[in-house]
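Chain by chain, the residues run as shown.
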Amino acid sequence: MTHDDIAAQAAADFRSQFGRAADGVWSAPGRVNLIGEHTDYNEGFVLPFAIDRRTWAAVGLRDDNTARVTSTFSDDEVEIELSTVGPEQLEGWSAYPLGIAWALGQNGVELAEQHGFDAHIASDVPVGAGLSSSAAIECAVAIALDERWQLAIDRPTLARVGQLAENEAVGAPTGIMDQSASLLGRRDSAVFLDCRSLRSEIVDLGFAAAGLAIVIIDTKVSHSHATGGYAARRASCEAGAAALGVESLRDVGVADLDRAREIMDDETFRRVRHVVTENARVLATVRTLRESGPLAIGEILDASHVSMRDDFEISVAELDLAVVAAREAGAIGARMTGGGFGGAAIALTPLALIDEVTARVGEAFAQAGYTAPEIFTVTPSDGAKREL
Ligand code: GAF
């Protein structure tokens with residue numbers, strides 16, 4: 001189905017489930033992070049882009065204070081009263097859309113005085129692949145409610161609302177990157193975001209003009225940021241910052257690493273080194289894209305993967321194999337993307353070598369006895385918008 005077809009289908013499904021027409025259909029994309037991993041909650045730099053995989057929310061206001069949500073990925077219809085909604089009563093997939101309503105309430109919206117709403121959600125962002133299917137749901141619902149409730153909240157603030165929903169309603173201690181990419185993305189471009197000031201710039205990627213594409217290798221190793229490793233990495237970063245006497249690792253430069261090595265244990269030091277060098281790599285990528293174009297960023301992507309594999313230790317064997325096989329088949333740079341512990345790798349690949357990369361990675365996985373990966377290309381796309 002084309003994206004226009006999915007939007008129309010979401011409107012039709014809304015009508016059959018709720019017995020009336022939706023007020024509109026809004027959509028928001030998943031994201032790929034080109035570079036800048038685990039830097040967002042350290043107030044550092046990230047360079048993600050919105051992708052051509054989206055989530056659609058058909059939404060209609062009600063005359064009472066009830067919110068009901070349905071979706072194509074679950075048979076459940078979940079219903080709550082807006083005036084009493086709290087994170088503790090939200091669970092499963094409905095925590096994403098209903099968490100947004102709650103988080104808007106935390107942001108000063110008087111939920112008891114708002115119209116309730118019905119929402120039906122459809123998506124073609126793969127779940128569990130590290131492409132931010134969750135942020136896509138949050139952002140589609142956020143812009144729909146922002147428009148229908150006439151809130152006129154700016155997009156950086158809506159990103160904060162999405163992050164709050166993710167942190168408190170879903171229970172994943174994530175940063176601001178994914179919602180920012182989904183809300184601020186622009187066709188053919190990346191979002192260069194300073195996660196301290198939330199100032200962002202649109203950076204031209206020029207992949208197509210340079211004969212390049214981003215190949216996604218979804219390892220099918222599923223991950224969750226509401227459990228274990230992600231929170232542990234965050235805690236290590238906070239411990240490193242505290243040892244260095246700074247507010248966040250954003251305040252630590254490459255020149256400070258010698259001192260860091262002396263005052264903390266080796267594991268904490270390596271976590272710190274990843275964040276500090278990754279911030280430098282984001283800045284180098286932006287500079288290189290502007291000065292020399294995307295053909296020149298391959299080595300920086302490779303270095304980022306090595307840092308995540310060896311220092312931050314968030315890669316898995318399948319991601320490492322995907323990166324190595326893609327590079328051997330002619331990708332100019334490759335790295336895991338997203339929070340890690342599974343999910344997807346990206347390979348910046350000459351158009352003429354996409355088939356070769358796909359075949360070589362598939363063969364390597366088969367030989368290693370791993371589950372077959374899903375391999376596809378994505379294009380940098382527009383952020384959240386009204387569709388119908
Ligand atoms: C996940 C989180 F949601 C982001 O905030 C970010 O920390 C990322 O992992 C790692 O860069 O996608």
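For clarity, every value in this text was computed on a predicted model and none was experimentally measured. (Residues numbered from 1 in each chain as written. Predicted model: local features only at pLDDT ≥ 70, side-chain atom pairs only at ≥ 80, totals over all residues.)

Peer 1: Which residues make up the sheet that holds strand S10 (residues 344–350), and what values go with them?
Peer 2: Adjacent strands of a sheet pair through backbone hydrogen bonds, lying either parallel or antiparallel. On the basis of which strands lie adjacent, the open sheet formed by four strands has the order S9-S10-S8-S11 and antiparallel pairing. Two strands in the sheet have a free side with no partner beyond their single neighbour: strand S9 (333–336) and strand S11 (374–378). Across the sheet, the mean angle separating the axes of adjacent strands is 25° when strand polarity is ignored. As paired strands, strand S8 (residues 212–218) and S10 are joined by seven bridges and run antiparallel to one another. In the strand pairing of S10, Ile 214 is matched with Leu 348. Those strands touched by helix H10 (residues 317–328) are S8, S9 and S10, and its axis lies near 170° from that of S9. (Pairing = 2+ DSSP bridges. Helix = DSSP H or I, 4+ residues; strand = E, 2+ residues; numbered from the N terminus. Axes fitted to C-alpha atoms, helices over the stretch in contact; angles between N-to-C directions. Contact = placed C-beta atoms within 7 Å.)

Peer 1: Residue-level account of the environment of Ser 133, with values.
Peer 2: Within the fold, Ser 133 resides in helix H3 (residues 133–148). Assessed through the 23 C-beta atoms surrounding it within 10 Å, Ser 133 is described here as buried. Distance in space between the C-alpha atoms of Ser 133 and Arg 31 is 8.3 Å, their sequence separation being 102 residues. With sequence-adjacent residues up to four places away left out, Ser 133 is seen in contact with Gly 30, Ser 123, Val 125, Pro 126 and Val 127. (Buried ≥ 20, exposed ≤ 12 C-beta atoms within 10 Å, placed from the backbone.)

Peer 1: Outline the confidence of the model for the chain, listing residues and values.
Peer 2: Segments scoring low in pLDDT should not have their predicted coordinates read at a detailed level. Residue-level pLDDT values for the chain average 97, and 99% of them are 70 or greater. Confidence metrics for the complex model read pTM 0.97 and ipTM 0.99. (pLDDT = per-residue confidence, 0-100.)

Peer 1: Would you mind going over the pairing of S8 in detail, with residue names and values included?
Peer 2: By the criterion of burial, S8 is predominantly enclosed, with seven of the seven residues buried. Going residue by residue along S8, you find Leu 212, Ile 214, Ile 216 and Asp 218 tucked away on one face and Ala 213, Val 215 and Ile 217 tucked away on the opposite face as well. Strand direction decides the pairing type here: S8 and S11, joined by five bridges, are antiparallel. Opposite Ile 214, over in S11, you have Val 378 as the bridge partner.

Peer 1: With reference to specific residues and values, describe helix H11 (residues 354–368).
Peer 2: Residues spaced three or four apart along an α-helix face the same direction, because each turn holds 3.6 residues. The end-to-end C-alpha separation of H11 is 21 Å, in line with the 21 Å expected for 15 residues at 1.5 Å each. Regarding H11, the residues found buried are Ile 354, Val 357, Thr 358, Val 361 and Phe 365. One face of H11 carries all of its buried residues, which in axial projection span an arc of 100°. Seen from the open side of H11, the exposed residues pointing more than 90 degrees away from its buried face are Asp 355, Glu 363, Ala 366 and Gln 367. Its buried side turned inward, H11 meets S8, H10, S10 and S11. Immediately downstream of H11, the backbone of Gly 369 shows phi near 80°, a positive value. (Expected span 1.5 Å × (residues − 1). Arc of directions from axis to C-beta.)

Peer 1: An account of the UniProt feature "domain: Galactokinase N-terminal" (unreviewed entry) in the chain is needed here, citing residue identities and associated values.
Peer 2: Summarizing the sequence annotation, UniProt attributes the feature "domain: Galactokinase N-terminal" (unreviewed entry) to residues 13–60 in the numbering used throughout. Overall, residues 13–60 shows 12% helix and 58% strand. The separation of its end C-alpha atoms is 12 Å. (UniProt positions renumbered as here; feature names shortened; annotations may be inferred.)

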